[in-house]
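Notes for the structure review
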Amino acid sequence: RVFRNEEQDATHEHTFHQVEGIMIDRDISVANLIHSMKTLLGAIFEREVTIRLRPGFFPFVEPGFELDIQCQVCAGEGCSVCKGSGWVELLPCGLIHPNVLRYGGLDPEEWSGWAFGLGLSRLVMMKYQIEDIRHLMGGDLRFNAQFRAG
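What this report covers is the structure whose coordinates are included nearby. None of these values were measured; they are calculated from a predicted model.

Section: the overall build of the protein chain
Looking only at helices and strands, the protein chain has four helices and seven strands in total. Traced from its N-terminal end to its C-terminal end, the protein chain shows the element sequence β-β-β-α-β-β-β-α-β-α-α. For the C-alpha atoms alone, the extent of the protein chain along its principal axes is close to 55 × 35 × 30 Å. Put simply, the protein chain has 150 residues, and 35% of those count as buried. Across the protein chain, the mean location of the 14 positive side-chain charges is 6 Å away from that of the 20 negative side-chain charges.

Have a look at this one:
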């Protein structure tokens, strides 16, 4: 669970849950990161999704990226969820900083890797085309009832 102090809106809550992923091996590159993220998101959405990477700063990765997904609510046309841009920031990611590898006892000349942090609320929001993230924590049983398992 992650807490943050920022204004709440349709895509930002004060509390969210995050899954983190990491891969370390020899000769890992940004191409491996992109392929892995597209494979992961394709499996979750059960189809190929359009993504883009933007530069972003995160102290444990270099280079760091914001991975955006084409808005699933408006199919990239522009709406209140994506603030008219057609894109929603989904997860920060990047190649693991060499110092992190060193602190982990690995030689960054031999080893490399990628890491990401995926906010589950925003993922659910995109998968089910929910227009306001605040519904997920709101406790409205009428909203929750539409997601009953089989």
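Notes on unusual backbone geometry
Along the chain, glutamate 62 connects to proline 63 via a cis peptide bond; the corresponding omega equals 0 degrees. Relative to the elements of secondary structure, proline 63 occurs in strand β5 (residues 61-70). Phi angles above zero are rare outside glycine, and aspartate 27 is one such case at about 60 degrees. Turning to its location among the elements, aspartate 27 is positioned in the loop between β3 (18-25) and α1 (30-45). A relative accessible area of 72% means that aspartate 27 is categorised as exposed. One non-glycine residue, alanine 75, lies in the positive phi region at around 55 degrees. On the secondary structure map, alanine 75 appears in the loop between β5 and β6 (87-96).

Remarks on the pairing of strand β4 (residues 51-55)
One ladder, built from five bridges, connects β4 with β5; its direction is antiparallel. The partner of proline 55 across the bridge, within β5, is phenylalanine 65.

Digging into the nonpolar core
One finds Leu41, Leu67, Leu90, Leu91 and Met126 to be the most contacted residues of the largest nonpolar core, which totals 28 residues. Take this core: its biggest share by element is five residues, from β6. Once you skip the residues sitting within four places of it in the chain, methionine 126 turns out to touch Phe45, Ile69, Cys71, Gln72, Val73, Val81 and Val88.

Brief notes about the sheet that holds β4
Pairing in this open sheet of five strands is antiparallel, and the strands run β3-β7-β6-β5-β4 from one edge to the other. One side of each edge strand has no neighbouring strand; the edge strands of this open sheet are β3 and β4. Taking the axes of each pair of neighbouring strands and ignoring which way they run, one obtains an average angle of 25 degrees across the sheet. Note that β3 and strand β7 (residues 112-119) share eight bridges and pair antiparallel.

A word on the pattern of salt bridges
Evaluated as defined, the whole model comprises seven salt bridges. The residue aspartate 68 makes a salt bridge to arginine 52 at a minimum N-O spacing of 2.8 Å. Residue aspartate 68 is found in strand β5, and its partner arginine 52 is found in strand β4; the two are separated by 16 residues along the sequence. With relative accessibility at 31%, the residue arginine 52 sits in the partly exposed group. A salt bridge links aspartate 140 to arginine 142; the nearest nitrogen and oxygen atoms lie 3.0 Å apart.

Quick notes on the state of the cysteines
Counted by the stated rule, this structure contains zero disulfides. Between cysteine 74, a cysteine without a disulfide, and cysteine 79, which holds the nearest cysteine sulfur, the sulfur-to-sulfur distance is 3.7 Å.

The rules behind these values
- Residues numbered from 1 in each chain as written.
- Predicted model: local features only at pLDDT ≥ 70, side-chain atom pairs only at ≥ 80, totals over all residues.
- Heavy atoms only, no water.
- Helix = DSSP H or I, 4+ residues; strand = E, 2+ residues; numbered from the N terminus.
- Buried < 20%, exposed > 50% of the residue type's maximum accessible area, 1.4 Å probe, protein only.
- Lys, Arg positive; Asp, Glu negative; His and termini not counted.
- Charge placed at Lys NZ, Arg CZ, Asp CG, Glu CD.
- Pairing = 2+ DSSP bridges.
- Core = buried A, V, L, I, M, F, W, Y, C linked by side-chain atoms within 4.5 Å.
- Contact = heavy atoms within 4.5 Å.
- Axes fitted to C-alpha atoms, helices over the stretch in contact; angles between N-to-C directions.
- Salt bridge = Lys/Arg side-chain N within 4 Å of Asp/Glu carboxyl O.
- Disulfide = S-S within 2.5 Å.

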